[in-house]
Amino acid sequence: MKDLHHFYSDRKNEFTKKCELLKSKINRIAFGRTATAILSFLLIYLAFSQTVFWYGVVLLIVIFLMLVSKHGKLQKQYDLHQKLQQLNELELQALDHHYTSFGDGLRYADPHHSYSYDLDLFGPGSLFQYLNRCGTIIGEDELAKNLNGSQISKESILERQKAINELATKVEFRQWFWAQGHTFRDSKKDAKGLFEWLTERDLVFKNKILTSLLVVFPAISLALILLTIYNSIYFPLLFVFAGIQWVVISLKSKQVKIAEDALSHHRKPFDNYAKLLHLLAQTEFSNSYLVSIQNEARHASDRIQKFSRLVNAFESRQNAIANLFGNSLYLYDFQCLYRLEKWRHQNKNEVRVWLEKIAETDFFISLSTFHFNHQENSFPIIADELAIQSVEMGHPLIEYRERVSNTFTIGDPENIMLITGANMAGKSTFLRTVGINMVLAFCGASVCAKEFVCPLVSLKTSMRATDSLIDHQSYFYAELSRLKMIMDEVRSMRPTLILLDEILRGTNSNDKHDGSVGLIKQFVASHALVMLASHDVELGVLVDKFPNAIRNYCFESEIQNDVLAFDYTLHNGIAQKANATFLMQKMGILPAEE
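Computed from a predicted model, the values in this text were never measured in an experiment.

Criteria and cut-off values
Residues numbered from 1 in each chain as written. Predicted model: local features only at pLDDT ≥ 70, side-chain atom pairs only at ≥ 80, totals over all residues. Heavy atoms only, no water. Salt bridge = Lys/Arg side-chain N within 4 Å of Asp/Glu carboxyl O. Helix = DSSP H or I, 4+ residues; strand = E, 2+ residues; numbered from the N terminus. Pairing = 2+ DSSP bridges. Axes fitted to C-alpha atoms, helices over the stretch in contact; angles between N-to-C directions. Contact = heavy atoms within 4.5 Å. Buried < 20%, exposed > 50% of the residue type's maximum accessible area, 1.4 Å probe, protein only. Core = buried A, V, L, I, M, F, W, Y, C linked by side-chain atoms within 4.5 Å. Patch = residues over 30% accessible without salt bridge, like charges linked within 9 Å, V, L, I, M, F, W, Y side chains within 5 Å. Areas by Shrake-Rupley, 256 points an atom, 1.4 Å probe, with all protein chains shown as cover. Lys, Arg positive; Asp, Glu negative; His and termini not counted. Charge placed at Lys NZ, Arg CZ, Asp CG, Glu CD. Parallel < 35°, antiparallel > 145°, perpendicular 65-115°, else oblique. Left-handed = near helix turned anticlockwise from the far one by under 90°. Expected span 1.5 Å × (residues − 1). Bend = angle between axes of the 7 residues up to and from the residue. Phe/Tyr/Trp six-rings, centres within 6.5 Å; stacked < 30°, edge-to-face > 60°. Lys NZ or Arg CZ within 6 Å of the ring centre and 35° of its normal.

(A) Structural view of the pattern of salt bridges. This model, assessed by the stated rule, comprises 17 salt bridges. Close ionic contact of R107 with E140 constitutes a salt bridge, the shortest N to O distance being 2.5 Å. In this pair, R107 is assigned in the loop between α2 (53–95) and α3 (127–131) and E140 in helix α4 (residues 137–147), connecting sequence segments 33 residues apart. Residue D120 is joined to R432 by a salt bridge in which the shortest nitrogen-to-oxygen separation is 3.7 Å.

Written out as structure tokens, the structure reads:
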């Protein structure tokens, strides 16, 4: 961690210096622009008395335009380097477990999801926020989709691991991708609006009359211009024909304006996507998975840049002079729309694929940054056997100085792990630790463990059931609904990992015990791995009846010098100590024993 602190600190200082240098250049350019403008006005004043000064005016205008262009380029560089400086500052904070400046993904939280709500995958302080290094909203969508579980094969996970491992070494690429994405943040509306435009009906492209006019009218205009040059007597005819073209344009002016507004909005996010694809296309990769993404990026970059040029040309209609002459002689609005609609027909089926490649790269960048920042992590082995083996597994969201790692095995043959223990001893955290590391493994990420072997399974949890006034559900009914969903999965005989924490809390202790026993008996013969945490130590005797299916583990607490202490270490056997009465006495809820 110390080396990483130095690494990010050095990069932050490097970009700070670059920002200062660029700012100095920008200030000089701004001063030059002002001086050029003042000198131009002076020469214009002098030119009225001596025409030779007009040459100087023309030269200064050219210089002024060059300075404006240079200023814009330097400002873009400054914005990008400022984002890079910001990112390295955020990485320094993240190393100390202060990562709340990254997007938390709260919009993806779903209490009804089969595991994400129980495992704190979304929201403030979540796994999503800890991982999130996406430069785009579509990238965040991809990260959320994978955390929520997407269909993926063992072979695909192995390919992802290789890609993430390679990307972890490409710090420049990862950080520039994030910074470029954040110079213009896209939104869900951008992608939605773009896809809506891709499916809209054509105004010009499929209209045979208008497409014919795009050829005929410019040809007539050119002929009339040549005739007018030959003899000015034809000028009125040229003027009348220009009016006719304006009448044709005006008939569709409302649709043209709507198209312009929509396209001008799409151009900015598309420009940013083009830059991301260009960066992706220019980076060298050796991994076949990344190379396949890169090949698509090369193809897409040119197409998107062409789209931006077409939209820029269309937006030129806002210039009064260009609009006047263009539509009078050339049906300029329709010419632009024809080219844009033609582009749409050629590319509409591929745009979604292009954006998916950007999103996928963003997703990989998040996981590769996580691996780079935690080089003590290991990539899991995806096995075919229904068993999990873990060596020194810890919770990635717990700071490494406070983290307690545990080693355990489940399956082959014992498929049920009964975990007993006192309040706050670590049972729930352990279940979430297992769940989160399984989610990371399924994404292709490295996991917070020295060694980790797991199968591809369906993940189901019941740890934090909530009541719902909207759905008219009590807490107990919500929990039963979740258990019903889990049992349906178990009965399907699909390989499953089930994490249960203090089930049936909404009933009396005897009913809770009997219900838990009945549930465990069904799990014994199932094709599932089950981890059940409970205060009910009497469940531990089930190991005598099912010695080849159940194994007891526990978390213990100690009272040392009138202070409750925990080691958060997983032990074999059934918990022997409780602490509720002690805690109630310490808090003054119950009188202290004399």
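(B) Quick peek at the sheet that holds strand β1 (residues 381–383). On the basis of which strands lie adjacent, the open sheet formed by 4 strands has the order β1-β5-β2-β3 and mixed pairing. Among the strands making up the open sheet, the edge pair consists of β1 and β3 (406–410). Within the sheet, the average angular offset between the axes of one strand and its neighbour, ignoring direction, is 20°. Two elements, β1 and strand β5 (residues 451–455), share 3 bridges in a ladder whose sense is parallel. Among the inter-strand pairings, A383 is bridged to a residue of β5, identified as P455. Each of β1, β2 (388–393), β3 and β5 touches helix α14 (residues 427–443); the most contacted strand, β5, lies at about 75° to it.

(C) Representation of the sheet that holds strand β12 (residues 571–572). Read across the open sheet, the 6 strands follow the order β6-β7-β8-β4-β9-β12; overall the sheet is mixed. Every interior strand has two partners, whereas the edge strands, β6 (458–462) and β12, have only one. Strand contacts of α14: β4 (416–421), β6, β7 (496–501), β8 (528–534) and β9 (550–555), with the helix running at about 155° to β7, the strand carrying the most contacts. Helix α16 (residues 509–524) rests against β4, β7, β8 and β9 of the sheet, and its axis sits at about 150° to β4.

(D) Spotlight on unusual backbone geometry. The peptide bond linking D412 to P413 adopts the cis configuration, its omega dihedral lying at 0°. Mapped onto the secondary structure, P413 falls in the loop between β3 and β4. Despite not being glycine, H97 has its phi angle at roughly 70°, a positive value. Residue classification places H97 among the buried positions, given a relative accessible area of 16%.

(E) Focus on the nonpolar core. Membership of the largest hydrophobic core comes to 118 residues, with the highest contact counts inside it found for L147, F408 and F430. Among the elements that take part in this core, helix α13 (residues 332–373) stands out by supplying 16 residues, more than any other. If you look at the next biggest cluster of nonpolar residues, it comprises 22 residues, including V490, I503, V517 and L539.

(F) Structural context of a positive patch on the surface. A cluster of like positive charges, contributed by K25, R28, K70 and K73, occupies part of the molecular surface. Counting only elements with at least two residues in the positive patch, the list comes to α1 (2–47) and α2. Along the chain, K73 turns up in helix α2. With a relative accessible area of 53%, K73 lands in the exposed category.

(G) Looking closely at the pairing of β7. Most of β7 sits inside the fold, with 6 of its 6 residues counted as buried. Side chains of β7 alternate between two faces, with T496, I498 and L500 and L497, L499 and D501 buried alike. Summarising the sheet, β6 and β7 pair through 5 bridges and their orientation is parallel. Across the sheet, L459 pairs through a bridge with L497, a residue of β7.

(H) Examining the packing of helix α8 (residues 208–230) against α13 more closely. Relative orientation of the contacting elements α8 and α13 amounts to 130°, with a least axis distance of 10 Å. For the element pair α8 / α13, the angle class is oblique. The handedness of the crossing between α8 and α13 comes out as left-handed. Packed against α8, whose contacting residues are L210, T211, L214 and P218, the element α13 presents F334, Q335 and Y338 at the interface.

(I) Region of the structure containing helix α10 (residues 253–282). Here α10 is 30 residues long and its end C-alpha atoms lie 42 Å apart, about the 44 Å a rise of 1.5 Å per residue gives. R267 marks the point of greatest bend in α10, at about 30°, and the proline P269 comes within the next four residues.

(J) Up close: the packing of aromatic side chains. Applying the stated criterion to the full structure yields 18 aromatic pairs. Between F307 and W343 the ring centres are 4.7 Å apart and the planes differ by 45°, which places this aromatic pair in the tilted class. Of the two residues, F307 is situated in helix α11 (residues 288–315) and W343 in helix α13; the sequence distance between them amounts to 36 residues. A relative accessible area of 0% means that F307 is categorised as buried. Stacked on the ring of F102, the Lys or Arg R133 has its end atom at 3.9 Å from the ring centre. One Lys or Arg, R174, reaches over the ring of F372 and ends 5.1 Å from the middle of that ring.

(K) Structural detail: the environment of H527. Mapped onto the secondary structure, H527 falls in the loop between α16 and β8. For the pair H527 and L277, spaced 250 residues apart in sequence, the C-alpha to C-alpha distance is 44 Å. Discounting chain neighbours no more than four positions away, the residues touching H527 are L386, M493, R494, P495 and T496.

(L) Main features of α2. A rise of 1.5 Å per residue sets the reference length of α2, with its 43 residues, at 63 Å; its end C-alpha atoms lie 62 Å apart and thus fit the reference within 8%. Residue H97 follows α2 closely and has a positive phi angle near 70°.

(M) Region of the structure containing a nonpolar patch on the surface. Taken together, the side chains of L227, Y230, I233, Y234 and L237 present a nonpolar region at the surface, about 550 Å² in accessible area. Looking at the secondary structure, you find I233 in the loop between α8 and α9 (235–251).

(N) Expanded view of the environment of L227. By secondary structure assignment, the location of L227 is in helix α8. For L227, a relative accessible area of 32% translates into the label partly exposed. Put simply, L227 and L237 are 10 residues apart on the chain and 9.9 Å apart in space, counted from C-alpha to C-alpha.

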